[in-house]
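Report on the structure
Each chain is listed here by its residues.
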Amino acid sequence: MNIQQKNHTYKRKIAVRNTSVVLGCALLLVISFIISMNTGYTRLSPFDTLHTLFGGGTDKEKLILFDFRLPRIVISMLVGAGLALSGCIIQGISKNPLADPGLLGIHAGAGITAAAIYGLAFKKGEGIAPMRLILTGVAVQAGISALTTVLAVKLDETQYSFVASWQAGSIWGSSWKFVLALLPWLLLLIPYAVYKSRVLDVLNLGDDVACGLGAPVERERRRLLAASVALAAACVAVSGSISFVGLITPHLARRLVGPRHSILLPVCGLTGAVLVSAADTAARVIVQPSEIPTGIMVAVIGAPYFLYLLAKSGQ
């Protein structure tokens, strides 16, 4: 077998593996969707759920499924995909595997914070250094968190409870109007991110190499940062600050399919959707009739895996 044939065989194996991973993630998402529909304080059997889903069922069952559960399930999946892709883009443009929208303060202040971070990290003649971007983001995030805490102390009990729930990461906007508000952002920005996957690959080679290949580094970095901020801001508006998704999901997706963003971004989105959907389902049932903030459940699920990655890498 010559070199060309070996390369063809290798590429075919990679393509088959990547396809299998995508199909596997999609299957897990479907399973998570089905389990979540059948899970809640009011018990619905699989038959009742299926019967109601296709037009049958009592008024109570329709109310539970269509007005309460389905909007929340859809939002959790959309939020998971959006935050995961936002984190993947941030890690790509910063070349830092520990970068995350929450770490950079994007969850706390969205576009305003991102503009401030970019301005503080920008140096005339050099542009944006990835490490300076991360350090600036950490400092701004610490300041915003402190300010939020000071303001929260001055709120009444009801307002403070809402702010605390938002900071912990709770999918509070669980109605179809929130789905319709969030969906257009993802339909616009996810295809754009996938379209820019080759640019992310080039940026990962380093600024000097990227410039040598003819890529307008600073312009592309600004555009991708804006896309990441918009994704994170849209998701945080309906879910609170679920910051761990953007950190852990790109690591998991990268281990499954490698660093090429053309396949990494779709797998990252699917994995994030599964993670947040599973976490939100668990959060609703563990301490019924109360519930745990989804962000806490994401951390409980994701932290052991992240510690495993650190131990295996020897860092």
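Structural data are supplied above this passage.
Now for a quick tour of the structure. (Residues numbered from 1 in each chain as written. Predicted model: local features only at pLDDT ≥ 70, side-chain atom pairs only at ≥ 80, totals over all residues. Heavy atoms only, no water.)

**Section: the overall build of the chain**
For the chain, the helix and strand inventory stands at 13 helices and two strands. A buried classification covers 46% of the 315 residues belonging to the chain. Across the chain, every contact between residues at least 6 apart in sequence was considered, and the portion connecting residues at least 24 apart equals 74%. With the model as given, the accessible surface of the chain reaches about 16,000 Å², and the carbon-plus-sulfur share is 68%. (Helix = DSSP H or I, 4+ residues; strand = E, 2+ residues; numbered from the N terminus. Buried < 20%, exposed > 50% of the residue type's maximum accessible area, 1.4 Å probe, protein only. Contact = heavy atoms within 4.5 Å. Areas by Shrake-Rupley, 256 points an atom, 1.4 Å probe, with all protein chains shown as cover.)

**Focus on the side chain of N18**
Relative to the helices and strands, N18 resides in helix 1 (residues 3-37). Every residue in contact with N18, bar those within four places of it in the chain, is listed here: V257 and I263.

**Details of a nonpolar patch on the surface**
A surface patch of nonpolar side chains, about 370 Å² in accessible area, is lined by L27, L28, I31 and I35. Mapping I31 onto the fold places it in helix 1. Since its relative accessible area comes to 38%, I31 is described here as partly exposed. (Patch = residues over 30% accessible without salt bridge, like charges linked within 9 Å, V, L, I, M, F, W, Y side chains within 5 Å. Salt bridge = Lys/Arg side-chain N within 4 Å of Asp/Glu carboxyl O.)

**Side note on the nonpolar core**
The biggest cluster of nonpolar side chains holds 58 residues, and the ones touching the most others in it are L83, I93, L182 and V245. Elements with a minimum of two residues in this core: helix 1, helix 3 (59-94), helix 7 (176-195), helix 8 (197-203), helix 10 (217-239), helix 11 (245-257), helix 12 (261-285) and helix 13 (294-313). Top element by residues in this core is helix 10. It accounts for twelve residues. Every residue in contact with L182, bar those within four places of it in the chain, is listed here: L78, V79, A234, C235 and V238. In terms of nonpolar packing, the next biggest core, distinct from the first, is built from nine residues, L70, A81, A273 and V274 among them. (Core = buried A, V, L, I, M, F, W, Y, C linked by side-chain atoms within 4.5 Å.)

**Concerning the packing of helix 3 against helix 7**
One way to put it is that helix 3 packs onto helix 7 with a least axis distance of 10 Å and a crossing angle of 30°. Taken together, the axes of helix 3 and helix 7 lie roughly parallel to each other. Crossing hand, helix 3 versus helix 7: left-handed. Residue-level contacts link F66, L70, P71, V74, I75, L78, V79, G82, L85 and I89 of helix 3 to W176, F178, V179, L182, L183, L186, I190 and A193 of helix 7. Each residue belonging to the contact of helix 3 with helix 7 can be placed in one class, and the counts come to 17 nonpolar, one polar and no charged. (Axes fitted to C-alpha atoms, helices over the stretch in contact; angles between N-to-C directions. Parallel < 35°, antiparallel > 145°, perpendicular 65-115°, else oblique. Left-handed = near helix turned anticlockwise from the far one by under 90°. Nonpolar A, V, L, I, M, F, W, Y, C, P; charged D, E, K, R; others polar.)

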